[in-house]
Amino acid sequence: NREVLGVLIVCDKKSRRPFSKKDEVLLENVGRVCAMALKNAQLHSQMQDDYLKTIMAFAAALDARDPYTRWHSENVTRYSIEIAKTLRFSRARIENLRRAALLHDIGKIGISDRILLKAGKLTPEEFEQIKLHPLKGEAIIRNLPFLKEITLLIRHHHERYDGKGYPDGIKGEKIELGARILAVADSFDAMTSDRPYRKAMPLDEAINQLKVNKGTQFSPEVVDCFLSVLKSNPKIIHP
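All values derive from a computational prediction rather than experimental measurement.

(A) Quick peek at helix H10 (residues 220-232). Compared with an ideal rise of 1.5 Å per residue, which puts 13 residues at 18 Å, H10 spans 18 Å between its outermost C-alpha atoms and is within 8% of the ideal. Along H10, the residues classified as buried are Val 222, Val 223, Cys 225, Phe 226, Leu 227, Val 229 and Leu 230. On its buried face, H10 sits against helix H2 (72-86), helix H8 (177-191) and helix H9 (203-212).

Written out as structure tokens, the structure reads:
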């Protein structure tokens, strides 16, 4: 059975003359071309859905490694999107940020559990290994065409506004705004979540840390925006 994708309706010719066999052949060819275009659009949409499911599976697999950060990717995504909406990001830009937030720590797949799940303080050598995860994450997604627009967001989500971050040490407005958003969302969730080596920081203290580090670690614009989000929608925190 042939699949029906649509209907081509032709009411009349401009010349008011009867339709000829030649017209019929032409319309059949137009119908075939339209059907191919519709089918390709459906396949593209399905492929994008499959890609998104793959992204979600990656994020879930990463969070599952550490029970203390089980919902980290989802929390960072939720905070990032709310900041982006307040900053009036376009729909396409929000979607890219959402993907980047879900996958911002994907490079930690390449970090050993001995270091990643260590209950005590990391040694300088171990911390240097942790600091490689933005580069590892970029390397993982670099060859996936549908994720090419988020590679720098992954690479730069640990850059600092004062230029003392990693891996590239870029500063200020040279850091992509999406990466600056991720930095605030990531740090806030880390501060307000239990970790193997410490309990979650009280909300007031975490908010104060954002304020204290505004202009040094964090983008002032993003911090101010996030604080307004928290004030208007406090339920956004670990719902």
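(B) The arrangement of the packing of aromatic side chains in detail. Under the counting rule described, the total for this entry stands at four aromatic pairs. Here Phe 127 and Tyr 166 contribute two aromatic rings whose centre-to-centre distance is 6.4 Å and whose plane-to-plane angle is 85°, an arrangement assigned as edge-to-face. Here Phe 127, found in helix H5 (residues 124-130), pairs with Tyr 166, found in the loop between helix H7 (151-155) and H8; they are 39 residues apart in sequence, far enough to count as distant. Judged by centre distance (5.0 Å) and plane angle (80°), the rings of Phe 188 and Phe 226 are edge-to-face. Taken as a pair, Phe 188 in helix H8 and Phe 226 in helix H10 lie far apart in primary sequence, 38 residues in all.

(C) Region of interest: a nonpolar patch on the surface. A surface patch of nonpolar side chains, amounting to about 490 Å² of accessible area, comprises Leu 8, Val 10, Phe 19, Leu 26, Leu 27 and Val 30. Take Val 30: it is sitting in helix H1 (residues 21-64). Exposure remark for Val 30: the relative accessible area of 34% places this residue in the partly exposed category.

(D) The nonpolar core, seen in detail. Among the nonpolar cores identified, the biggest contains 40 residues, and Phe 188, Leu 210, Phe 226 and Leu 230 are the most heavily contacted of them. Secondary structure elements with two or more residues in this core: H2, helix H3 (91-103), H7, H8, H9 and H10. In terms of residue count, H8 provides more of this core than any other element does, eight residues in total. Discounting residues that sit within four places of it in the chain, Phe 188 has contacts with Tyr 79, Leu 203, Ala 206, Ile 207, Leu 210, Phe 226, Leu 230 and Ile 237.

(E) Region of the structure containing H8. Taking 1.5 Å of rise per residue, the 15 residues of H8 would be expected to cover 21 Å, and the 21 Å separating its terminal C-alpha atoms lies within 8% of that figure. Burial of H8 is extensive: 15 of the 15 residues sit out of reach of the surface.

(F) Here's a closer look at the side chain of Ser 193. Counting through the fold element by element, Ser 193 comes out in the loop between H8 and H9. At 2.6 Å, the side chain of Ser 193 and the backbone oxygen of Asp 189 are in polar contact.

(G) Representation of unusual backbone geometry within the structure. With omega at 10°, the peptide bond leading from Tyr 166 into Pro 167 counts as cis. Inspection of the secondary structure puts Pro 167 in the loop between H7 and H8. Unlike most non-glycine residues, Arg 88 shows phi in positive territory, near 60°. Here Arg 88 lies in the loop between H2 and H3.

What counts, and where the lines are drawn
- Residues numbered from 1 in each chain as written.
- Predicted model: local features only at pLDDT ≥ 70, side-chain atom pairs only at ≥ 80, totals over all residues.
- Heavy atoms only, no water.
- Helix = DSSP H or I, 4+ residues; strand = E, 2+ residues; numbered from the N terminus.
- Expected span 1.5 Å × (residues − 1).
- Buried < 20%, exposed > 50% of the residue type's maximum accessible area, 1.4 Å probe, protein only.
- Contact = heavy atoms within 4.5 Å.
- Phe/Tyr/Trp six-rings, centres within 6.5 Å; stacked < 30°, edge-to-face > 60°.
- Patch = residues over 30% accessible without salt bridge, like charges linked within 9 Å, V, L, I, M, F, W, Y side chains within 5 Å.
- Areas by Shrake-Rupley, 256 points an atom, 1.4 Å probe, with all protein chains shown as cover.
- Salt bridge = Lys/Arg side-chain N within 4 Å of Asp/Glu carboxyl O.
- Core = buried A, V, L, I, M, F, W, Y, C linked by side-chain atoms within 4.5 Å.
- Polar contact = N/O pair within 3.5 Å; in protein donor to acceptor, adjacent residues only side chain to side chain.

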